[in-house]
Amino acid sequence: MDVPRRHIPGVPGVVTDGVAAGARILAAGGLVAFPTETVYGLGADARNPDAVARIFAAKGRPTDHPLICHIASVDDLAPLVAEVTPAARALADAFWPGPLTLVMTRSAAVPDAVTGGRDTVAVRVPDHPVALALLRAFGGPVAAPSANRFGRPSPTRADDVRDELGDGVDLVLDGGPCAIGVESTVLDLVSDPPQVLRPGGISADDIARVMNAPVSATSSGPARAPGMLEAHYAPGARVEVVSADAAAARAADLTAAGTSVALLAPHAISPLPDSVLVLGPAGAPDAYAALLYAAFRRADAARCQVILAVPPPARGIGVAVRDRLARAAASA
Ligand code: AMP
Ligand code: MG
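Residues numbered from 1 in each chain as written. Chains lettered and ligands numbered in written order. Predicted model: local features only at pLDDT ≥ 70, side-chain atom pairs only at ≥ 80, totals over all residues. Heavy atoms only, no water.

S.K.: Tell me what's going on with the packing of helix 9 (residues 285–301) against helix 10 (residues 318–330), and back it up with residues and numbers.
M.R.: Relative orientation of the contacting elements helix 9 and helix 10 amounts to 25°, with a least axis distance of 9 Å. One element, helix 9, and the other, helix 10, form an angle in the roughly parallel class. Two packed elements cross with a definite hand, and for helix 9 against helix 10 that hand is left-handed. Residues Pro 285, Tyr 288, Ala 289, Leu 292, Tyr 293 and Phe 296 of helix 9 lie in contact with helix 10, whose contacting residues are Gly 318, Val 321, Arg 324, Leu 325 and Ala 328. Its residues assigned to classes, the contact of helix 9 with helix 10 comprises nine nonpolar, one polar and one charged. (Axes fitted to C-alpha atoms, helices over the stretch in contact; angles between N-to-C directions. Helix = DSSP H or I, 4+ residues; strand = E, 2+ residues; numbered from the N terminus. Parallel < 35°, antiparallel > 145°, perpendicular 65-115°, else oblique. Left-handed = near helix turned anticlockwise from the far one by under 90°. Contact = heavy atoms within 4.5 Å. Nonpolar A, V, L, I, M, F, W, Y, C, P; charged D, E, K, R; others polar.)

Structure below.
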């Protein structure tokens, strides 16, 4: 590709050139990493199977793991799905742009490369000015998983994308740190009742209120959604989930055994050995989510061997944070 690899720094409004370059790269079959309100995505033209194949290669991701199609507005949904159902319309009106991904029966326009051969497609409208500008300038659906190597924490800053993917991506658009910090809620609208496949920024209760009907919350177990592995989102350090009461003693034991420790908790824990890298306090669930993956990366940069994580309460996005911590811990 003859488009230069370059990083366009800055804030929304200062990236017009970057957005135009991004749209050209997508049209030419290239890969563009872009900010969303959840995490950074690694985008390709969803209608171009060769471009989509490059996503899997860049991430090292198994090709049967489906991708999310990003669109600029609900008006772009109809070509991707068999039918825009009343439930999809109501949820889109309530939550788009926003961190809710809808899994629906796909149309013939969506290539197998995007869905891993399934008859369903996952779609959302991201709530970020740079993502929306890119989607509008490109004028088509963009397939984009998180812009990390397979199994690793999602990137929440442009620098994280460059560290993860390096030359594997043609352009990184920098929109600053992601406001939400964990991936979107994935809702399967094909199953009855609809089921949350992955908890995220929008809760099962929020969804049930809009649908005025029951919604099943995330089930546990390895196979609840394609690509949702029990072990995922893992930093290099081993993650251990501990209660607030047990954290200080566990940090002391590990440190005494010569293990380097980082601690992530909603509030201050004491007493702690001086050598412990304190990644927080993270605060309320929203703040915890926004900090989570950057904290994982900070612990890795400091070469910590263990991250002790005291989870946030299971309310709001705290449910999603606890899900990611459990998956990161399962990789140990
Ligand atoms: P990521 O893009 O890294 O946030 O991962 C996308 C996730 O969306 C996958 O891991 C799946 O859990 C979910 N997903 C995408 N497409 C489908 C689909 N057709 N059916 C069920 N889940 C899907
Ligand atoms: Mg991912």
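On we go.
S.K.: Outline the sheet that holds strand 13 (residues 277–278), listing residues and values.
M.R.: The strand order across the open sheet formed by four strands is 11-14-12-13, and the pairing between neighbours is parallel. Lying at the two open borders of the sheet, with one neighbouring strand each, are strand 11 (238–241) and strand 13. Judged from the four bridges that link them, strand 12 (residues 261–264) and strand 14 (residues 306–309) form a sheet pairing that is parallel. Across the sheet, Val 261 pairs through a bridge with Val 306, a residue of strand 14. Its contacts with the sheet put helix 9 on strand 11, strand 12, strand 13 and strand 14, and the angle it makes with strand 12 is roughly 175°. Packed on one face of the sheet, helix 10 meets strand 11 and strand 14 and runs near 130° to strand 11. (Pairing = 2+ DSSP bridges.)

S.K.: Mind laying out the environment of Gly 258, listing which residues take part and the relevant values?
M.R.: Mapping Gly 258 onto the fold places it in the loop between helix 8 (244–256) and strand 12. Linking Gly 258 and Gln 305, residues 47 residues apart in sequence, is a C-alpha distance of 9.9 Å.

S.K.: Tell me what's going on with the nonpolar core, and back it up with residues and numbers.
M.R.: Leu 42, Leu 91, Trp 96, Leu 100, Leu 102, Leu 187 and Ile 207 are the most contacted members of the largest nonpolar core, which has 48 residues in total. Looking at this core, the elements that each hand over two or more residues are strand 3 (41–45), helix 2 (49–59), helix 3 (86–95), strand 5 (100–105), strand 6 (120–124), helix 6 (158–165) and helix 7 (204–211). In terms of residue count, the dominant contributor to this core is helix 2 (five residues). Setting aside residues no more than four positions away along its own chain, Leu 187 makes contact with Leu 91, Leu 100, Thr 101, Leu 102, Val 103, Pro 194, Gln 195, Val 196, Ile 207 and Val 215. Tyr 233, Ala 237, Ala 262 and Ala 309 belong to the second largest nonpolar core, which has 24 residues in total. (Core = buried A, V, L, I, M, F, W, Y, C linked by side-chain atoms within 4.5 Å. Buried < 20%, exposed > 50% of the residue type's maximum accessible area, 1.4 Å probe, protein only.)

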